[in-house]
Amino acid sequence: MDTLKTKPNFDINNVIDKENLAKLEALNNKKVMQVVNEFVALCKPSKVTVITDSKEDIDYVRQKAIEIHEEKRLFTEGHTIHYDGFFAMDYHDQARDKANTRVLVPKGEYMSQWINNIDRNEGLKEILEIMDGCMEGNECIIRLFCLGPKNSQFSILALQLTDSLYVAHSEDILYRAGYEEFKKLNGSEEFFYFIHSAGELVGNPPVTKNLDKRRIYIDLQEGRVLSVNNQYAGNSLGLKKLALRLAIDKANNEDWLAEHYFILGVHPKEKKRVSYFCGAYPSACGKTSTAMLPGQSIVGDDIAYLRPWEDGYAHAANIEQGLFGIIRDVNPEDDPVIYDAITTPRETIFSNVLITEEFPYWIGDGKPVPKKGINFSGKWKKGKVDEKGKEIPHAHPNARYTIRINELSNADVNLDSPEGVPIDGIFYGGRDSDTLPPVLESLDWEHGVFIGAAIESETTSATLGAEGVRRPSPMANLDFVVVPLGKYLDNHRTFGNNLKVCPKVFATNYFLKNKEGKYLNGMLDKLVWVMWAEGRTHNEFEAIKTPVGFIPKYHDLRDLFRLYLDKDYSKKEYEQQFSIRITHLLEKLDRVEAMYKKDKEIPEFFWTLLEDQRKKLKELKEKYNSDEISPFDL
Ligand code: OXD
Ligand code: MN
């Protein structure tokens, strides 16, 4: 709080009543009071309300979100709709703003070039000026949460100030209440804090007006994030991606992991066991569909903390308790569990979908598209265009639903366990049409770190620009890493090396195509890859060693396809999918090398592994005198 000066004449007592002040004072925490005083003075709300863990207080947030029109009730009980700002197809608040999300870096500190950053003093000056008076005329809600299960090594407490009732309500669904936890801090300053303001609002529903002044600045030194002029949850909710960034910094200084991982319970048929896996996938690479595989259980879909545990395993906990999921393509066929949960009565916030007669519609919901309704652009009818003539779809491709995980029929029993769950394996998934096989296991932990660091995602027709361009996405976490990449990779390496029982690491690729451009796998095949990986973590299948990892043997996959999908899996399919494509693999290594060479202090083990794979791939090519080597020959 070094650069922030409290306005001399501001008296917080003018905007907070005795009852709310008493709620704050009961926390007995000087730092909480100091943060509240400083930022209330800066943002100048007309009223401050403190929300405890009581039902009445939480109901107040729900009601108020509706009263001020940030949410509107729908027909189904518990359902509400919220819209984020939209002015044109290329000027809106419907997604994370990467360009204006920056890490504040103190002078003289190194930061990798792909991590968007700004000099700390300069950044603070800019954002504090924007925030001066940003809550004028509005109510500031103070909420207290616990990231991770309560009473646990994983728990990190978090204080949120926001003038968005939608933000305060979403956080109630997505995070564990922490007012009582703050009392147990006994005055400690060990908590993250988040100041958010939607800024000046326009229209009804009210949306952020000044998107040009949208800023999300991450201040690692203070363990805080300041976010202004936005409502979209990926920008506004302190506890989601903003807290992930703070946690990554903390984890990298304390030798644990904070990752963009789901946590999945895998339940193999005919075996009385559950094995837990984490997984990181860049967007549109199959993360949710893996986390929601039929017959398995879900602990989390987005963010996990991993810590070494007394039993020798790494344990993982979901820091959230809810899903802020992409609603596109959720339909009874492809995603029956979520479809069922969000179409029946329960507390659910829909965002940026189309509403007709108080029912929500979205892209890929399996229903005919209504001819008209209300969507993120206001009144909508088929064919509506924005000011530049670009067609406005009925629902936004990034429209979302917000629900609690324990409302799902596949919620894992250990969802809230203070111990988290022991991790047997980690999946890294990419999108790659011609290189990696559908599944492979890393040669060891360090090679697993390499695999994670080398994930690539290929652009598709769903994004602007050329198709098929591969972009590196280390651990699918590049948007959130706030420490130099070398430090991040080294932390992964030592984390695993220090464990007694190290998770096995697997690469998956659901997007392999044949030369004619046709996908080589069906959507459901991923269940087989996951079951093979699960078996490998219990030493149940043999595998073939290649320079880039262990690949499955044909007969194991044949049996798994029969058992799980009741499908014949031919030798031809296996051969097409699991051949080692030498030139493509060497080209991938070249791309990875080029990316990491741009950075400083990438650990030696990374370069050694890269060179080793390159050398062995070349040797293999010479030995077989072929560019594509069949797994039957290995
Ligand atoms: C994301 C999300 O953008 O999970 O990664 O919403
Ligand atoms: Mn995510």
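Reading the values: the criteria
- Residues numbered from 1 in each chain as written.
- Chains lettered and ligands numbered in written order.
- Predicted model: local features only at pLDDT ≥ 70, side-chain atom pairs only at ≥ 80, totals over all residues.
- Heavy atoms only, no water.
- Donors = N, O, S within 2.8 Å, 3.2 Å for Na, K, Ca; no water.
- Helix = DSSP H or I, 4+ residues; strand = E, 2+ residues; numbered from the N terminus.
- Buried < 20%, exposed > 50% of the residue type's maximum accessible area, 1.4 Å probe, protein only.
- 1 Å grid on protein atoms, 1.4 Å probe; cavity = no way out; pocket = protein on both sides within 12 Å on 5 of 7 lines; lining within 4 Å.
- Points joined across faces, edges and corners; volume = space filled by probe spheres on them.
- Near = heavy atom within 4 Å.
- Polar contact = N/O pair within 3.5 Å; in protein donor to acceptor, adjacent residues only side chain to side chain.
- Areas by Shrake-Rupley, 256 points an atom, 1.4 Å probe, with all protein chains shown as cover.
- Nonpolar A, V, L, I, M, F, W, Y, C, P; charged D, E, K, R; others polar.
- Phe/Tyr/Trp six-rings, centres within 6.5 Å; stacked < 30°, edge-to-face > 60°.
- Pairing = 2+ DSSP bridges.
- Contact = heavy atoms within 4.5 Å.
- Axes fitted to C-alpha atoms, helices over the stretch in contact; angles between N-to-C directions.
- Core = buried A, V, L, I, M, F, W, Y, C linked by side-chain atoms within 4.5 Å.
- Parallel < 35°, antiparallel > 145°, perpendicular 65-115°, else oblique.
- Left-handed = near helix turned anticlockwise from the far one by under 90°.
- Salt bridge = Lys/Arg side-chain N within 4 Å of Asp/Glu carboxyl O.

Enquirer: Explain the coordination of the manganese ion (ligand 2) residue by residue, including any values.
Expert: Looking at the manganese ion (ligand 2), the protein donor atoms are K241 (NZ), H260 (NE2) and D302 (OD), and they sit 2.1 to 2.3 Å from it. Read from N- to C-terminus, the donor residues coordinating the manganese ion (ligand 2) fall into the pattern K-x18-H-x41-D. Here the residue K241 occupies a position in helix α8 (residues 238-254), and D302 occupies one in the loop between β19 (297-300) and β20 (304-308), the gap between them amounting to 61 residues. Assigned by exposure class, K241 and D302 land together as buried.

Enquirer: Account for empty space enclosed by the protein, naming residues and giving values.
Expert: Going through the model one piece at a time under the given rule, you end up with 2 cavities of 30 Å³ or more. Lining the largest cavity are 22 residues, with L436, I451, A454, A507 and K588 positioned closest to its centre. When residues of the lining of the largest cavity are traced back to their parent elements, those giving at least two are β29 (421-430), α11 (445-453), β33 (504-509), α16 (582-597) and α17 (604-624). Computed from the structure, the second largest cavity encloses a volume of approximately 30 Å³.

Enquirer: Please set out the site of ligand 1 residue by residue, giving values where relevant.
Expert: Every residue close to ligand 1 is listed here: R96, K241, H260, D302 and R400. A distance of 3.0 Å is found between an oxygen atom of ligand 1 and a side-chain nitrogen or oxygen belonging to R96. Residue K241 places a side-chain N or O atom 2.8 Å away from an oxygen atom belonging to ligand 1. Relative to its unbound accessible area of 210 Å², ligand 1 is 81% covered by the protein chains. In terms of residue class, the shell around ligand 1 is built from no nonpolar, 1 polar and 4 charged.

Enquirer: So what's going on with the packing of aromatic side chains? Which residues, and what values?
Expert: Under the definition given, this model contains 32 aromatic pairs. Relative to F606, the ring of F450 lies with its centre 5.0 Å away and its plane at 35 degrees, an arrangement referred to as tilted. Taken together, the residues span a long stretch of sequence, with F450 in helix α11 and F606 in helix α17 at a distance of 156 residues. As far as the burial class goes, F450 and F606 line up, both buried.

Enquirer: Mind laying out helix α5 (residues 165-174), listing which residues take part and the relevant values?
Expert: Of all the 10 residues making up α5, 10 are buried; the element is thus mostly covered by neighbouring parts of the structure. Listed in full, the buried residues belonging to α5 are L165, Y166, V167, A168, H169, S170, E171, D172, I173 and L174. Capping the start of α5, S164 holds a side-chain oxygen 3.3 Å from the backbone nitrogen of Y166, two or three residues further along.

Enquirer: Give me the lowdown on the pairing of strand β27 (residues 378-381), citing residues and values where you can.
Expert: The sheet contact formed by strand β26 (residues 372-375) and β27 spans 4 bridges and is antiparallel. Among the inter-strand pairings, N375 is bridged to a residue of β27, identified as G378. Between the end of β26 and the start of β27, which pair antiparallel, lie 2 residues.

Enquirer: If you had to explain the sheet that holds strand β22 (residues 322-326) to someone new, which residues and values would you point to?
Expert: Pairing is mixed across the open sheet formed by 5 strands, whose spatial order is β2-β3-β23-β28-β22. Both outer strands of the open sheet, β2 (72-73) and β22, are each paired with one neighbouring strand and no more. In terms of strand pairing, strand β23 (residues 348-351) meets strand β28 (residues 400-404) through 3 bridges, oriented antiparallel. Each residue of the ladder has a partner; that of I349, found in β28, is T402. Those strands touched by α5 are β3 (79-82), β22, β23 and β28, and its axis lies near 50 degrees from that of β28.

Enquirer: Pulling in residues and values, what's your account of the nonpolar core?
Expert: L147, Y305 and L557 are the most contacted members of the largest nonpolar core, which has 157 residues in total. In terms of residue count, α8 provides more of this core than any other element does, 8 residues in total. Excluding anything up to four places from it in sequence, L557 contacts V528, W529, W532, P552, Y569, Y574 and F578.

Enquirer: I'd love a proper account of the packing of helix α3 (residues 55-67) against α5, names of residues and values included.
Expert: Closest axis-to-axis distance for the α3/α5 pair is 9 Å, and the angle between their directions is 135 degrees. With respect to α5, the element α3 is oriented oblique. For the pair α3 and α5, the sense of crossing is left-handed. Together, I58, V61, R62, K64 and A65 of α3 and L165, Y166, A168, H169 and D172 of α5 make up the contact between the two elements. For the contact of α3 with α5, a count of residues per class yields 6 nonpolar, 1 polar and 3 charged.

Enquirer: Quick rundown of unusual backbone geometry? Include the residues and the values.
Expert: At the junction of N204 and P205, the peptide bond is cis and its omega measures out at 5 degrees in the coordinates. By the secondary structure assignment, P205 is in the loop between β12 (201-202) and β13 (207-208). Of note, the phi angle at K44 is positive, near 55 degrees, even though the residue is not glycine. When you line up the elements, K44 lands in the loop between α2 (30-43) and β1 (47-50). Classification of K44 as partly exposed rests on a relative accessible area of 22%. The phi torsion at M475 lies on the positive side, around 50 degrees, for a residue other than glycine. Looking at the secondary structure, you find M475 in the loop between β32 (470-472) and α12 (485-497). Given the relative accessible area of 0%, M475 is considered buried.

Enquirer: Give a description of the environment of D119 that names residues and reports values.
Expert: Of note, D119 is situated in strand β7 (residues 117-119). In this structure, the C-alpha to C-alpha distance between D119 and V105, residues 14 residues apart in sequence, is 5.1 Å. Setting aside anything within four residues of it in sequence, one finds D119 in contact with V105 and K107. Engagement of the side chain of D119 in a polar contact is seen with the backbone nitrogen of N121, the distance being 3.2 Å.

Enquirer: Break down the pattern of salt bridges for me, with residues and values.
Expert: Counted according to the given criterion, the structure contains 55 salt bridges. Of the charged contacts in the structure, one is a salt bridge between D434 and R470, with a shortest N-O distance of 3.0 Å. Here R470 lies in strand β32 and D434 lies in the loop between β29 and β30 (439-441), a separation of 36 residues in the sequence. Bridged by salt links that share partners, the residues K55, D59, R62, R143, D172, E347 and R404 form one connected network.

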